[in-house]
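Observations on the model geometry
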Amino acid sequence: MPKRVDHEERRAQIAEALIQVAGRRGLHAVGMRDVAAEAGVSLRLVQYYFETKEKLLFHGLRHLTDRFTARVGARLAAAGPDPGPRATVEALLLASLPTDEESRTFHLLYSSYAILSVTDEALAAQPFIDNPDAAENALTGLLEQAQAAGLADPAADARTEAISLLAMAATLGTGILVGQRTPESAIAVLGHHLDRIFTTAETPE
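Sequence order as written defines the numbering, with residues in each chain counted from 1. Where local features are concerned, this predicted model is filtered to residues with pLDDT of at least 70; where side-chain atom pairs are given and counted, the filter is 80 or more; whole-chain, interface and lining totals use all residues. Side-chain metrics in this entry use all non-hydrogen atoms of the structure; hydrogen atoms and water are not considered.

**Remarks on the overall build of the protein**
Let me state the cut-off plainly: In this description a helix means any DSSP run of H or I spanning at least four residues, a strand means any run of E spanning at least two, and both kinds are numbered starting from the N terminus. Any two residues whose heavy atoms approach within 4.5 Å are treated as being in contact. Methods summary: accessible areas were calculated by the Shrake-Rupley approach with a probe of 1.4 Å, and residue burial reflects only the protein chains presented. His is not counted, nor are the chain ends; Lys and Arg add positive charge and Asp and Glu add negative charge. Where a charge lies is defined by one atom per residue type, namely NZ (Lys), CZ (Arg), CG (Asp) and CD (Glu).
If you tally the helices and strands in the protein, you get ten helices and zero strands. Beginning at the N terminus, the succession of helices and strands in the protein can be written as α-α-α-α-α-α-α-α-α-α. Principal-axis analysis of the C-alpha atoms gives the protein an extent of 60 × 45 × 30 Å. Residue pairs in contact within the protein that sit at least 24 positions apart in sequence constitute 66% of those at least 6 positions apart. Only carbon and sulfur atoms are counted for the fraction: they give 55% of the accessible area of the protein, which is about 11,500 Å². A gap of 10 Å separates the mean positions of the 19 positive and 27 negative side-chain charges of the protein.

**Re the packing of aromatic side chains**
Threshold: For Phe, Tyr and Trp, rings pair up if their centres lie within 6.5 Å, where Trp contributes its six-membered ring, and each pair is then called stacked (planes under 30 degrees apart), edge-to-face (over 60) or tilted (otherwise). Per-residue accessibility, obtained with a 1.4 Å probe over protein chains only, is compared with the maximum for each type, and a residue is labelled buried under 20%, exposed over 50%, and partly exposed between these values. Only when the NZ atom of a Lys or the CZ atom of an Arg is both within 6 Å of the ring centre and within 35 degrees of the ring normal do we say a charge sits over the ring.
Under the definition given, this model contains three aromatic pairs. On the numbers, 4.8 Å between centres and 10° between planes, the contact of Phe-68 with Phe-106 is stacked. Pair noted here: Phe-68 is in helix α4 (residues 53–78) and Phe-106 is in helix α6 (residues 101–119), with a separation of 38 residues, a long-range link. With respect to class, Phe-68 is no different from Phe-106; both count as buried. A network of ring pairs unites the aromatic residues Phe-68, Phe-106 and Tyr-110 as a single cluster. Here the guanidinium or amino end of Arg-71 rests over the ring plane of Phe-106, the centre of that ring lying 5.7 Å away.

Below, the structure written as structure tokens:
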């Protein structure tokens, strides 16, 4: 009896191969043939699942985003059963900084995809992420939750602060990638701004 193929598993295998190759060579330099070789499958199989390089890149980005979400979840689990809004905000921001090989690859490829889509019409035709405001909305909600609980500056505009924190984390991450600053200094900068926003220390009940 022929072995049943798990198509989602095969797609994940190919997406993982894309991430590995692109992490070493850069997203712009990766072809479908390179990905097939890394995954140990035929070029025809990669084309069967993804048809075009643009669709392959987009699926790879979603695969990378799923891994990022898992990293955030692991940070929150380590913080305890009720981490509170500040710890949750920190988990989201710190998971995006390129402080190890996996997070470095995430930041590099996510940034590369955005930049390439500016000049590549086929790539731009693919949705970048399902909900481009998801992170901003999540941070805004957490900051509003903290304000309601008396844990954050009530005069701060939660939406503006969320946008600022995300932009700051992205820029600091790029600085780490290019060697402009260390992960420790980037974490210290984010901590400084969180201290400004969260004016009261969170204490367990």
